[in-house]
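Take a look at the letters that make up each chain.
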Amino acid sequence: MKQLRESLALALLAVLPFSAFLVTVGTRVIAGPNQAPLTMLAFWKEGLLAILCGMVILEVLGSSKRDHDGIPGFDMLDACIVLLFVLSVIVHRFTHGELRAYIYGFRYDFIPLVAFLIVRRVQWSDAFWKRAFAVLLSVGVLIGLYGIATMMLPVSFFTALGYSDLHSLYLPDAPIAAFQQIGGTGIRRVQSVMSGPNQLGLWLLIPWSIALVSLLRTIPSRKAWIQPLVIFAMLDLVLSLTFSRAAWLSATVIFVIAALRILPRKYALVGIGAVAGIGIVSVGALSFLAPEIVMRAASTRDHLTRPIAAVRMIRDHPIGLGLGAAGPASNRLSDPCVFLEPGADAAWAKDRPQLCVFVGGEQVQPFDSAQGGPPEPCNCPLLPENWYLQLGVELGIAGFLLFLGWTLLALFGLARIDREQFPVFLAFLGISVAALVLHAWEDSAVAYSMMILVAACLPVMGSTGVRARR
């Protein structure tokens with residue numbers, strides 16, 4: 001059972017990043033062009049994750065009966081998750097009470113946490129870690145190579161696969177866009193096989209951290225550095241081409257922590273100084289030569305104003321608005337809204353009447369063509385641009401504190417893990433940092449992959465009170 005369970009986990013780690021691509025192509029084959037992703041295809045990953053969790057439960061029950069050890073213990077990480085779930089039910093009961101919103105909210109907020117709670121109940125072999133890191137590096141290189149190719153492929157290639165003919169837009173009832181462009185330019189942001197460039201950037205932090213640690217460990221010995229350098233350089237290039245500032249920030253934090261932890265102090269300080277210098281010069285040059293790449297006024301403004309609005313909402317609704325009221329679940333259940341700068345031309349959207357278009361904060365589409373009057377107000381999604389504040393909007397101050405507490409406990413636990421699993425700590429730290437400015441845990445490839453790895457690093461305390469040894 002253990003070998004089969006670890007093989008299934010490795011398969012999930014390998015295939016999860018391809019989910020958006022596979023669902024898009026599968027929908028095109030089954031339902032034809034211009035169709036929203038088929039639900040029966042989109043939930044394949046949750047099905048496999050459920051099988052993995054079921055195998056863990058059976059293994060735990062079988063082991064407890066055979067060895068008379070009892071069910072593995074319960075610690076503060078588990079308690080935070082259970083309390084969050086109980087809180088979600090209570091808040092749902094006293095707020096919107098919409099089952100559909102709760103289900104979507106549960107899918108994004110709780111499935112990864114529930115998987116973590118279950119998967120950590122068993123031990124994972126040293127062979128699993130070696131194979132897992134090898135799989136993640138191989139998949140990262142493959143996804144990176146395809147991502148670079150997508151920068152040059154024509155739009156017709158993507159529409160033939162089933163992608164939308166639009167770019168940079170999310171429509172709940174339509175195929176996903178094949179790529180995003182930096183506003184005001186024709187520059188594509190690489191998203192490869194994933195659903196967006198930010199999602200790719202955050203997932204890449206996992207193999208990127210593995211490659212970084214492998215490379216840094218070769219520096220003191222000066223041996224076998226060519227292959228780690230080539231893999232790291234390729235992953236770093238693709239990470240850069242996502243133009244995800246949140247991923248860039250997280251990668252910077254990861255590099256500083258990794259250098260201080262792995263390298264001798266003099267090497268670490270020199271490396272950090274060199275990277276800081278290169279980063280400052282690069283950002284300065286881009287800001288002068290192509291400010292739209294770094295500044296992105298509209299996006300930057302959202303990253304500042306939306307969290308402030310979320311804090312005010314938490315203040316006004318301290319018990320929360322209910323699961324699914326904010327974040328990616330809200331995106332799925334609300335009207336698709338596009339916000340343009342004052343004076344922008346919205347004529348391009350006229351053949352997309354389902355789009356709610358705002359120019360300078362004023363709604364200009366859709367109009368009530370039957371009555372010739374002004375447009376009816378759109379129900380735009382509530383996006384705090386911060387995962388912690390999203391939980392606060394949904395589940396109130398208590399939900400915010402519980403998830404923040406769970407994250408800190410996991411980070412403290414990972415900081416003490418074995419040397420070989422150090423990349424998992426770095427990747428989790430990076431994604432946790434990105435969650436300050438993005439809905440970082442919304443993508444299943446990021447959330448499920450990370451939770452499997454973190455759970456395997458933090459096995460629960462056994463009935464004897466001693467943490468299981470790997």
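Check the entry above for the structure.
Figured I'd write up the structure that's included with this text.

Parameters and conventions
- Residues numbered from 1 in each chain as written.
- Predicted model: local features only at pLDDT ≥ 70, side-chain atom pairs only at ≥ 80, totals over all residues.
- Heavy atoms only, no water.
- Salt bridge = Lys/Arg side-chain N within 4 Å of Asp/Glu carboxyl O.
- Helix = DSSP H or I, 4+ residues; strand = E, 2+ residues; numbered from the N terminus.
- Buried < 20%, exposed > 50% of the residue type's maximum accessible area, 1.4 Å probe, protein only.
- Phe/Tyr/Trp six-rings, centres within 6.5 Å; stacked < 30°, edge-to-face > 60°.
- Pairing = 2+ DSSP bridges.
- Axes fitted to C-alpha atoms, helices over the stretch in contact; angles between N-to-C directions.

Some words on the pattern of salt bridges
Move 1: In total, this model carries 10 salt bridges according to the counting rule given.
Move 2: The residue R120 makes a salt bridge to D78 at a minimum N-O spacing of 2.9 Å. Of this pair, R120 sits in the loop between α7 (111-119) and α8 (126-150) while D78 sits in helix α5 (residues 76-94), and the two are 42 residues apart along the sequence.
Move 3: Take R120: its relative accessible area is 0%, and that puts it in the buried class.
Move 4: Classification of D78 as buried rests on a relative accessible area of 0%.
Move 5: Put simply, R306 and E385 hold a salt bridge, and the shortest N to O gap is 3.2 Å. Here the residue R306 occupies a position in helix α15 (residues 297-316), and E385 occupies one in the loop between β5 (362-365) and α17 (387-414), the gap between them amounting to 79 residues.
Move 6: Here the residues in one salt-bridge network are D75, D78, R120 and R121, joined through shared partners.

What about the packing of aromatic side chains?
Move 1: Applying the stated rule across the entire model yields 20 aromatic pairs.
Move 2: Consider the rings of F85 and F106, whose centres lie 6.3 Å apart with planes at 80°: the pair is edge-to-face. Here F85 is found in helix α5, whereas its partner F106 is found in helix α6 (residues 99-109), with 21 residues between them in sequence.
Move 3: Residues W406 and F428 carry aromatic rings whose centres are separated by 6.0 Å and whose planes lie at 75° to one another, so their mutual orientation is edge-to-face. Of this pair, W406 sits in helix α17 while F428 sits in helix α18 (residues 422-434), placing them 22 residues apart in sequence.

A word on the sheet that holds strand β4 (residues 356-359)
Move 1: Pairing is mixed across the open sheet formed by three strands, whose spatial order is β3-β4-β5. Sheet topology places β3 (337-340) and β5 at the edges, where each strand pairs with a single neighbour. Going from strand to strand, the sheet's axes swing by 30° on average, the running direction of each strand aside.

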